[in-house]
Amino acid sequence: MALKTFSKDEVSKHNKEGDLWVVVDSKVFDLSRFAAMHPGGLSVLLDEDVAGQDATDIFFSLHRYEVLQRPQYSRLQIGVVDGEEQQIFPREVGALSQVPYAEPTWLTKGYHSPYYKDHHRRLQVAFRKFVEEVVIPDAHAREEDGKRPSQSIFDEMARLNIIAMRMGPGKHLHGRVLMDGVVKPEEYDYFCELIMAQEVARINSRGYYDGMGGGTFIGLPPIFNYGKPALREKITAEVFAGKKLVCLAISEAFAGSDVAGLKCHAKRVENGWVVNGTSKWITNATFADYFTVGCRNDQGGMVVLVIERGPGVETKVIKTSYSPTAGTGFISFDNVFVPYENTLGSDNGGLQVILSNFNHERWGMACGSIGAQRYIVEECLKWATQRKVFGKPLISQAVVRSKLAAMISRVESAQNWIENITYQMNHMNYNQQAANLAGQIAFVKKYCTETAQDTARDAVQIFGGRGITRTGMGKFIEHYHRTVPFDA
């Protein structure tokens, strides 16, 4: 059905309470019945620059484009302005952004890269579409209500073999169809994993980002690399099918980075171990099915055990500055019997099991941190060109351009550093990575998580009061500023 057309003169006659029209980007909206319910109050809509006028500039200084796409608001459109055409178009689902520096150079027109091949580009397109169509609606809903990510998300990730792909390249992918075939198992490398980490970071829901398997990302590899075959195959199959979750329980109230100072104790008994102790600030603890736990043994050494949720295992929510959807929790182990088959590595080799996991964990966190930081750069560039102050776009202010330049330089340098490390990972085996890349990975994680906090502060300054408001134009900035320290 064709929309009606109206002249500007005709629109201008509808400028009072009970008979109120406005124009936004050539579209005519009848707000007569909505005006009294307007969250900003009726007076805003009765302003002489709004009522019966083209309020495009004013609207976009206050609202995100997505507001126009919501059914309750889009149905208020009654026509278009005669002779005018829409000028502002939202980015299509899965498409690349046209905002400068919103994409890494390998995705930017005119640039070249020695790292990425056609299958990387196919994966990026498919995975961004998956994130935006499937993940983001659930992420934003769960971020608000604090519930764990919906099971349907894990089911779809399992169907596409995304959970298996997050474990990196390897034999575990052989025979699997990855993302409906956009990349072959033998093509899958660490650049594929980097792409996935950076794309999923764009959901702007930090708690959910961890909740949708952050614990598994760091808790499953020790089982994968050190578990006995029967245990490894059982748990891997359950996790890859989206039915079970794992978390890594290393941090305690007594010891965090000081892994050697753990107090959780495992006593050797017939056919297994008896564990007593606690773990704290554990991602996914409240809904994990398996716990990869570091324990002190009677010899003073360390052992890592896989403990299944059951008698003697209790988890409690820890309230943090991000959403409970991450499942951050406190775990207590009270005389928990653990079969000896659930031992990872040797009885005194726990420290090696834990430390060997750090490289991939830190690298993955760095990838996601850089992806999230880049999205904030895009938000700031869009806002600085959209917002007008003193009669000019915000970006015309030298101090704002200086902040933007610093933000861009930080994310571009971090991206180049992580790509160089990823290239090395593709050409080294597990032991070589441990010997040669531990320092580089630790440094890049330190760099990008520290600079992310600088970018968060600058972003709040650019957005002003909106940058500390949980709704509206600055909601992603507020969320980022509040949760970015988690990566460090």
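What this report covers is the structure whose coordinates are included nearby. Treat the numbers as computed from the prediction; the structure is a model and nothing was measured. (Residues numbered from 1 in each chain as written. Predicted model: local features only at pLDDT ≥ 70, side-chain atom pairs only at ≥ 80, totals over all residues. Heavy atoms only, no water.)

## Quick look at helix α6 (residues 118-145)
Thought 1: The end-to-end C-alpha distance of α6, which contains 28 residues, comes to 39 Å, matching closely the 40 Å that a straight helix rising 1.5 Å per residue would cover.
Thought 2: The first or second residue beyond α6 is G146, which carries a positive phi of 80°. (Helix = DSSP H or I, 4+ residues; strand = E, 2+ residues; numbered from the N terminus. Expected span 1.5 Å × (residues − 1).)

## Remarks on the pairing of strand β8 (residues 272-282)
Thought 1: Summarising the sheet, strand β7 (residues 265-269) and β8 pair through 5 bridges and their orientation is antiparallel. Paired with R268 across the bridge in β8 is W273.
Thought 2: The turn joining β7 and β8, which pair antiparallel and follow one another in sequence, is formed by 2 residues; a positive phi near 70° is taken by N271.
Thought 3: Here 8 bridges tie β8 to strand β12 (residues 329-339), and the two strands are oriented antiparallel to one another. From the neighbouring strand, G277 faces β12, where its bridge partner is F333. (Pairing = 2+ DSSP bridges.)

## Here we look at the sheet that holds strand β5 (residues 77-81)
Thought 1: Spatially, 5 strands are ordered β1-β5-β4-β3-β2 in an open sheet, and the strand pairing comes out mixed. At either end of the open sheet lies a strand with only one pairing partner, and these are β1 (4-6) and β2 (15-16).
Thought 2: Pairing of β1 with β5, which is carried by 3 bridges, proceeds in the parallel orientation. Opposite F6, over in β5, you have V81 as the bridge partner.

## Topic: empty space enclosed by the protein
Thought 1: Summed over the entire model, instances satisfying the criterion amount to 2 cavities of 30 Å³ or more.
Thought 2: Around the largest cavity, the lining is made up of 17 residues, and of these E103, P104, R128, Q198 and E199 lie nearest the centre.
Thought 3: Of all the secondary-structure elements, those providing two or more residues to the lining of the largest cavity are α6, α9 (190-200) and α13 (350-386).
Thought 4: Partitioning the lining of the largest cavity into residue classes produces 8 nonpolar, 4 polar and 5 charged.
Thought 5: Of the voids in this model, the second largest cavity is the one considered here, and its volume is about 90 Å³.
Thought 6: Elements supplying a minimum of two residues to the lining of the second largest cavity: α7 (151-159) and α11 (214-226).
Thought 7: Classifying every residue of the lining of the second largest cavity gives 8 nonpolar, 2 polar and 2 charged. (1 Å grid on protein atoms, 1.4 Å probe; cavity = no way out; pocket = protein on both sides within 12 Å on 5 of 7 lines; lining within 4 Å. Points joined across faces, edges and corners; volume = space filled by probe spheres on them. Nonpolar A, V, L, I, M, F, W, Y, C, P; charged D, E, K, R; others polar.)

## Structural notes on the packing of helix α14 (residues 398-426) against helix α16 (residues 438-463)
Thought 1: Between α14 and α16, whose axes approach to 10 Å, the crossing angle comes to 160°. Classified by the angle their axes make, α14 and α16 are roughly antiparallel. Judged by the sense of rotation from one axis to the other, the crossing of α14 with α16 is left-handed.
Thought 2: In terms of residue class, the contact of α14 with α16 is built from 14 nonpolar, 5 polar and 4 charged. (Axes fitted to C-alpha atoms, helices over the stretch in contact; angles between N-to-C directions. Parallel < 35°, antiparallel > 145°, perpendicular 65-115°, else oblique. Left-handed = near helix turned anticlockwise from the far one by under 90°.)

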